[in-house]
Amino acid sequence: MYEAAEIGKGVFWVGAIDWDIREFHGYTTNRGTTYNAYLIKGEKTALVDTVKAAFFPEMISRIKSIQDPKKIDYLIMNHLEMDHSGAIPSFKELAPNAQIVATDYGSKGLLKHFPHDWPVQEVKTGHELSLGGKTLKFLEAYMLHWPDSMFTYLLEDSILFSNDGFGQHYASFQRFDDDDGHFEGIMEEAAKYFANILMPLAPLIPPLLKKVEKMRIPIEIIAPSHGIIWRSHTNHIINSYVEWSTGVAQDRVLIIYDTMWGSTETMAKAISEGLGKARVEHKLLRLRTNHYSDVVREILTSKIVVIGSPTINEGIFPSVAQLLSYLKGLHPLKKKGVAFGSYGWGGEAIEAINSEMRASGIEVVEPGLGVVYVPMNRDIEACLQLGERIASLLNN
Ligand code: FEO
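Residues numbered from 1 in each chain as written. Predicted model: local features only at pLDDT ≥ 70, side-chain atom pairs only at ≥ 80, totals over all residues. Heavy atoms only, no water.

### Considerations on the environment of Ala 270
Using the following cut-off: Under the DSSP-based scheme used, a helix requires at least four consecutive residues in state H or I and a strand at least two consecutive residues in state E, with every element numbered from the N terminus.
Along the polypeptide, Ala 270 turns up in helix α8 (residues 263-277). Residues Ala 270 and Lys 71 lie 199 residues apart in sequence; the distance between their C-alpha atoms is 66 Å.

Dropping the structure here:
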C-alpha cells in the first residue's frame, strides 16, 4: 500500500508519517512528525536508519515497493534513539544479513537497547563505504544530540543524511522544502526542534559545521530523520543553525508570565504598553496558554525575556517555575532578563526568578519589579517605565 519516494537517482525515502503524535518526550508536536528512513541503491543496497517500532510495517511496505528487504546489504544506524532504532529488531529478523554500521558509541548503545549478537561495523569520521556506484562517507556528530549521533554523506549525489540535525517535527504528504505552501511552518518547527533538543549543545555546532566545510563536500540535499527534506533552502537552514548556535537573535522582547488574580497580568500588559510606545517588537506569552516547548522556540530568536510570576508559597508560580527549570537545562545564549510580579506580603518570587535566570546563563539587567496586591496608578506607571527602559536596552 505504501510507496517509496525517489529523492535522488537511486535514493528513496522509505520512512513513516506519524500524523497523530502530539508529545515527544515533554515537547508538544502539534504538527505530528515523520521518521525518515532512506534506501540507497548502488550495486549493493543500504538502508539509512529505521523508524519507531510501531511504524515498521509502513517502512517495510515502502521498501517493498522498490526492493526485497531481504536483499538489503547494510543498515546505517546514524542514531540510536528509539524513534530511529525501534524497528531494528524486526528489520533484522527480515534481513538477517544486513550489516549494521554505526559509531563506537552507537555499537555499544545498541547492545544496551536490544541484547543481540548482530555484528556491527564501527566507523569513524572520514571512513567511506562503497556500495558500488554509490559511496557513503561518515561524520561522527558526538553529542548532537547523543554520543552515538552520526551524519552520513552520499558522495555521488551530494546528499547529507543528518539524522536529527536540521529536522522538524512536521507530518506531511510532501517531502521537500520547496513543495507548496509550507516553508514558514517547517522553519517554525525547525526552530522549535533546535530550541528544545539542540540549544544546550549549541557550542558544539559551529565546530561540527567547520568540520563539514573542511571536508569540502558540496551539499545539494539535506535529508534529516524528521520532517521535510531540504533541497532549495539548504543554505538557509545551515545559516539559521549558525545563528541559533551562536546566540544571534532579533531585537525582540518576550513577556512570559502567569497570574493568579490578574495582577501580574496587568503588570505584563503595562510593560507591553511601555514597549509598544517605544515601537519595540514583543509578545506576551501566558504560560497556562502557551506550552513551555513553544515558549523556548520564541526565546531562541529574542534578545530579552521579561518573566513574571505572582509569589505563591514563598516562591514562583508552578507554570513559571516549570519553564525556568527547563531553561536551566537549555542554557540559552546571550539573553538578557528582567523579573516582575505581584505579591501579598513576602514577594520572594522576584529574587527566585532572578536566581533561576542567572542559573540559566541569562544576564539579569534590572533588580526586578514587584507590586503589592493589585497594581494602582503609580504601579502601572512603574511598569510602563520598565517597558521603556527594557526598550532602551535593545539599543545598548
Ligand atoms: Fe534523537 Fe529523533 O531522535
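### Some remarks on the pattern of salt bridges
Definition in use: A carboxyl oxygen of Asp or Glu within 4 Å of a side-chain nitrogen of Lys or Arg is what we treat as a salt bridge.
Throughout the structure, instances matching the rule amount to 19 salt bridges. A salt bridge links Asp 258 to Arg 286, with the shortest nitrogen-to-oxygen separation between them at 3.4 Å. With Asp 258 in the loop between β17 (250-257) and α8 and Arg 286 in strand β18 (residues 281-286), this residue pair connects regions lying 28 residues apart in the sequence. Among the ionic contacts, a cluster of salt bridges with common partners joins Arg 252, Glu 281, Lys 283, Arg 297 and Glu 298.

### Structural notes on the packing of aromatic side chains
The condition is simple: Ring geometry is summarised as follows: Phe, Tyr and Trp rings, the Trp one being its six-membered ring, pair when their centres sit within 6.5 Å, and such pairs are stacked at plane angles under 30 degrees, edge-to-face over 60 and tilted between the two. Exposed residues in this analysis have more than 50% of their type's maximum accessible area, buried residues have under 20%, and partly exposed residues fall in between, with area computed by a 1.4 Å probe over protein chains only. In this scheme, the term charge over a ring applies when either NZ of a lysine or CZ of an arginine sits within 6 Å of the ring centre and within 35 degrees of the ring normal.
Counting across every chain of the model gives nine aromatic pairs. Centroid distance Tyr 105 to Tyr 142: 5.5 Å. Interplanar angle 40 degrees. Geometry classified as tilted. Here the residue Tyr 105 occupies a position in helix α4 (residues 104-113), and Tyr 142 occupies one in the loop between β13 (135-140) and β14 (150-154), the gap between them amounting to 37 residues. Look at Tyr 105 and you get partly exposed, because its relative accessible area is 45%. Seen from the ring of Trp 13, Arg 175 lies directly overhead, with NZ or CZ sitting 3.8 Å from the centre. Here the basic side chain of Arg 231 rests over the ring of Phe 176, its NZ or CZ set 3.6 Å away from the ring centre.

### A look at the environment of Glu 23
Convention followed: We call two residues in contact whenever any of their non-hydrogen atoms come within 4.5 Å of each other. Definition of a polar contact: a pair of N or O atoms within 3.5 Å, with one able to donate and the other able to accept a hydrogen when the atoms are protein atoms, and with sequence-neighbouring residues admitted only if both atoms are side-chain atoms.
Within the secondary structure, Glu 23 is located in strand β4 (residues 23-24). Owing to a relative accessible area of 45%, Glu 23 belongs among the partly exposed residues under this scheme. Along the sequence, Glu 23 and Leu 287 sit 264 residues apart, while their C-alpha atoms lie 17 Å from each other. Filtering out sequence-adjacent residues up to four positions away, Glu 23 remains in contact with Thr 28 and Thr 29. Only 2.3 Å separates the side chain of Glu 23 from the backbone nitrogen of Gly 26, close enough to count as a polar contact.

### Things to note about the pairing of strand β19 (residues 302-308)
When a strand is regular, its side chains alternate between the sheet's two faces. This is how the line gets drawn: The pairing criterion is simple: DSSP has to find at least two bridges between the two strands.
Among the seven residues that make up β19, six are buried, leaving the element largely enclosed by the rest of the structure. Of the strand pairs in this sheet, β19 and strand β22 (residues 336-343) are connected by five bridges, and their pairing is parallel. Of the residues in β22, the one forming a bridge with Val 305 is Gly 337.

### Let's talk about the domain arrangement of the protein
As a reminder of what qualifies: Here the limits of each domain have been adopted from an automatic or database domain assignment. By definition, the buried area sums, over both parts, the 1.4 Å-probe accessible area that each loses when the two are put together. For this classification, the nonpolar set comprises Ala, Val, Leu, Ile, Met, Phe, Trp, Tyr, Cys and Pro, the charged set comprises Asp, Glu, Lys and Arg, and every other residue, Gly included, is treated as polar.
In terms of domains, the protein is made up of domain 1 (5-245) and domain 2 (254-395). Put simply, the middle of domain 1 and the middle of domain 2, counted by C-alpha atoms, are 38 Å apart. For the domain 1 and domain 2 pair, buried surface summed over both sides reaches about 1200 Å², with 63% attributable to carbon and sulfur atoms. The interface formed by domain 1 and domain 2 contains one salt bridge. Close ionic contact of Asp 294 with Lys 192 constitutes a salt bridge, the shortest N to O distance being 2.8 Å. Where domain 1 packs against domain 2, one counts five residue pairs in polar contact (both at pLDDT 80 or more). For the side of domain 1 that touches domain 2, the elements supplying multiple residues, two or more each, are β5 (27-28), α5 (183-198) and α7 (234-245). The residue makeup of the side of domain 1 that touches domain 2, split by class, is eight nonpolar, five polar and two charged.

### Concerning α7
This is how the line gets drawn: Multiplying 1.5 Å by the helix residue count minus one yields the expected span of that helix. In this description, the arc belongs to the directions extending from the helix axis to the C-beta atoms.
Along its twelve residues, α7 runs 17 Å from first to last C-alpha, staying within 8% of the 16 Å computed at 1.5 Å per residue. Along α7, the residues classified as buried are Thr 234, Ile 237, Ser 240, Tyr 241, Trp 244 and Ser 245. Around the axis of α7, the buried residues are gathered within 130 degrees of arc, so they sit on the same side. The secondary structure elements touched by the buried residues of α7 are α5, α6 (205-214), β16 (221-224) and α9 (292-300). Following α7 by one or two positions, Gly 247 has its phi on the positive side, about 80 degrees.

### Observations regarding unusual backbone geometry
The step from Leu 144 to His 145 runs through a cis peptide bond, and the omega angle for that step is 5 degrees. With respect to the secondary-structure elements, His 145 resides in the loop between β13 and β14. A positive phi angle is found at Asn 163, which is not glycine, with a value near 50 degrees. Looking at the element boundaries, Asn 163 is found in strand β15 (residues 159-163). For Asn 163, a relative accessible area of 4% puts it in the buried group. Despite not being glycine, Arg 279 has its phi angle at roughly 60 degrees, a positive value.

### Some points on the nonpolar core
For clarity, the threshold we go by: Within this scheme, the nonpolar core is defined by two criteria: the residues are buried Ala, Val, Leu, Ile, Met, Phe, Trp, Tyr or Cys, and they are joined through side-chain atoms within 4.5 Å.
With 57 residues, the main nonpolar core has Ile 237, Trp 244, Ile 256 and Met 357 as its most contacted residues. No fewer than three residues from each of domain 1 (5-245) and domain 2 (254-395) sit in this core. Setting aside its immediate chain neighbours within four residues, Ile 256 contacts Leu 285, Leu 287, Val 295, Ile 299, Val 305, Val 306, Ile 307, Gly 308, Leu 323 and Phe 340. Within the second largest apolar cluster, 30 residues are counted, among which are Phe 24, Leu 47, Phe 91 and Ala 102.

### A closer look at the packing of α9 against helix α10 (residues 318-330)
The criterion, for reference: Here, axes are lines fitted to C-alpha atoms. For helices the fit covers the stretch in contact, and angles between N-to-C directions go from 0 to 180 degrees. Between 65 and 115 degrees an angle is taken as roughly perpendicular, under 35 as roughly parallel, over 145 as roughly antiparallel, and anywhere else as oblique. Crossing handedness follows the turn of the near helix against the far one: under a right angle anticlockwise gives a left-handed crossing, and clockwise gives a right-handed one.
Where α9 contacts α10, the axes come no closer than 10 Å and their chain directions differ by 55 degrees. Viewed along their axes, α9 and α10 adopt a mutual orientation that is oblique. Between α9 and α10 lies a crossing whose hand is right-handed. Side by side, α9 and α10 meet where Tyr 292, Val 295, Val 296 and Ile 299 of the first sit next to Gln 322, Leu 323, Tyr 326, Leu 327 and Leu 330 of the second. Along the lines of polarity and charge, the residues of the contact of α9 with α10 split into eight nonpolar, one polar and no charged.

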